[in-house]
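Observations on the three-dimensional arrangement
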Amino acid sequence: MSHSNTNYKEFLTGSIVAVITPMDTKGRLDKQSLKKLVEYHIESGTSAIVSVGTTGESATLNHKEHIDVVRETLELADGRIPIIAGAGANATAEAISLTQEFEKSGVVGCLTVTPYYNRPSQEGLYQHFKAISENTSLPQILYNVPSRTGCDLLPETVGRLAKLANIVAIKEATGNLARVHQIKELVDDNFVLLTGDDATALDFMQLGGKGVISVTSNVAAAQMVKMCDLALAGKYTEARELNKLLMGLHQQLFVEPNPIPAKWACHRLGLISDDTLRLPMTPLTVSGQQKVEEALKFAGLL
């Protein structure tokens, strides 16, 4: 795939959900709830679903479960909404093998996080993503989230990687708005900038970003779609009015580590049957519940 083939731009725009992985009380995938979530996002107009990203508890699913959840999501979507597979790992060989699992599956691309824990150099990061891109034909979305990984994919390295044929976008989740301009200077117009930070998503789009891979969208899908559509149409005043209602969610869905609050909120809204998480994630505390409840009310969702 080359940058001249820009059909990936259609789904890499607006509100993309980093969907939770619903689990039953025994911690297994809850397929009925997943079906409900997929339908909810199709009805709400969400641009695409990221399956098994950070919010999908990728860190606590084993290799087989990870693949099964993505395949199940694809099956439920049945071509009605694009599915992006989370495919990152901190060993390059593992990231390649995960990516290759999805090669002919029907996913539209892979979201690949920077290697966590082992803290590679910029050259190491470049070689990691280059190796993945050389072993797949799927469009690759770089994912930079230093607060979770302990390493930062710098704009200069993004610029180098953007020259590789199937590296088409970045999910830039530092919340540092200066990055938009810094990256834009170094990439061509076909390279898509997405944010992973709901609280600054509107500002990110106003500076030239194309959308958000969103946690808030798990519970306020239609509102996030509308806010992004307004921003991309240059209607910033209206977008800001709507974003004010969502700001509590942007913040309180991180009152405890993601996806703890998002799962509780989805359960509270009846989108999933249970808010089970896998250890070391623990259920949302009572004080956390009160904060998320208030944010849901303020956004008009309860």
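Computed from a predicted structure; not experimentally measured. (Residues numbered from 1 in each chain as written. Predicted model: local features only at pLDDT ≥ 70, side-chain atom pairs only at ≥ 80, totals over all residues. Heavy atoms only, no water.)

1. A closer look at the packing of helix α2 (residues 31-44) against helix α3 (residues 63-77)
Closest axis-to-axis distance for the α2/α3 pair is 10 Å, and the angle between their directions is 50°. In terms of axis orientation, α2 runs oblique to α3. Between α2 and α3 lies a crossing whose hand is right-handed. Touching K31, L34, K35, V38, E39 and I42 of α2 are V69, E72, T73, L76 and A77, all from α3. In terms of residue class, the contact of α2 with α3 is made up of 6 nonpolar, 1 polar and 4 charged. (Axes fitted to C-alpha atoms, helices over the stretch in contact; angles between N-to-C directions. Helix = DSSP H or I, 4+ residues; strand = E, 2+ residues; numbered from the N terminus. Parallel < 35°, antiparallel > 145°, perpendicular 65-115°, else oblique. Left-handed = near helix turned anticlockwise from the far one by under 90°. Contact = heavy atoms within 4.5 Å. Nonpolar A, V, L, I, M, F, W, Y, C, P; charged D, E, K, R; others polar.)

2. Things to note about the sheet that holds strand β6 (residues 167-172)
Sheet architecture is closed into a barrel: 8 strands sit in the order β1-β2-β3-β4-β5-β6-β7-β8, paired in parallel fashion. For this sheet, the mean inter-axis angle between neighbouring strands, taken without regard to orientation, is 25°. Of the pairings in the sheet, the one linking strand β3 (residues 83-86) to strand β4 (residues 109-113) comprises 3 bridges and is parallel in character. Residue G86 lies in a different strand from β4, and its bridge partner there is L111. Across the sheet, helix α5 (residues 122-134) lies against β4, β5 (140-144) and β6, angled at about 160° from β4, the strand it touches most. (Pairing = 2+ DSSP bridges.)

3. With respect to unusual backbone geometry
Cis rather than trans, the peptide bond between N258 and P259 has omega equal to 10°. For P259, the location among the structural elements is in the loop between α11 (236-252) and α12 (260-268). A cis geometry characterises the amide bond from L279 onward to P280, with omega recorded as 10°. With respect to the helices and strands, the residue P280 is situated in the loop between α12 and α13 (286-298).

4. What to know about the pattern of salt bridges
Applying the stated rule across the entire model yields 14 salt bridges. Where D152 meets R179, a salt bridge forms, and the shortest distance between an N and an O atom there is 2.7 Å. In this pair, D152 is assigned in the loop between α6 (146-149) and α7 (155-161) and R179 in helix α8 (residues 178-184), connecting sequence segments 27 residues apart. Take D152: its relative accessible area is 24%, and that puts it in the partly exposed class. Classification of R179 by relative accessible area gives buried; the value is 8%. Put simply, R179 and E172 hold a salt bridge, and the shortest N to O gap is 3.5 Å. E172 shares its class with R179; the two are buried. Via salt bridges that share partners, D152, E172 and R179 belong to a single interconnected network. (Salt bridge = Lys/Arg side-chain N within 4 Å of Asp/Glu carboxyl O. Buried < 20%, exposed > 50% of the residue type's maximum accessible area, 1.4 Å probe, protein only.)

5. Quick look at the environment of T60
Along the chain, T60 falls in the loop between β2 (48-51) and α3. Judged by relative accessible area, which is 22%, T60 ranks as partly exposed. As a C-alpha pair, T60 and M281 span 221 residues in sequence and 9.1 Å in three-dimensional space. Ignoring any residue separated from it by four or fewer positions in sequence, one finds T60 in contact with E65, R278, L279 and P280.

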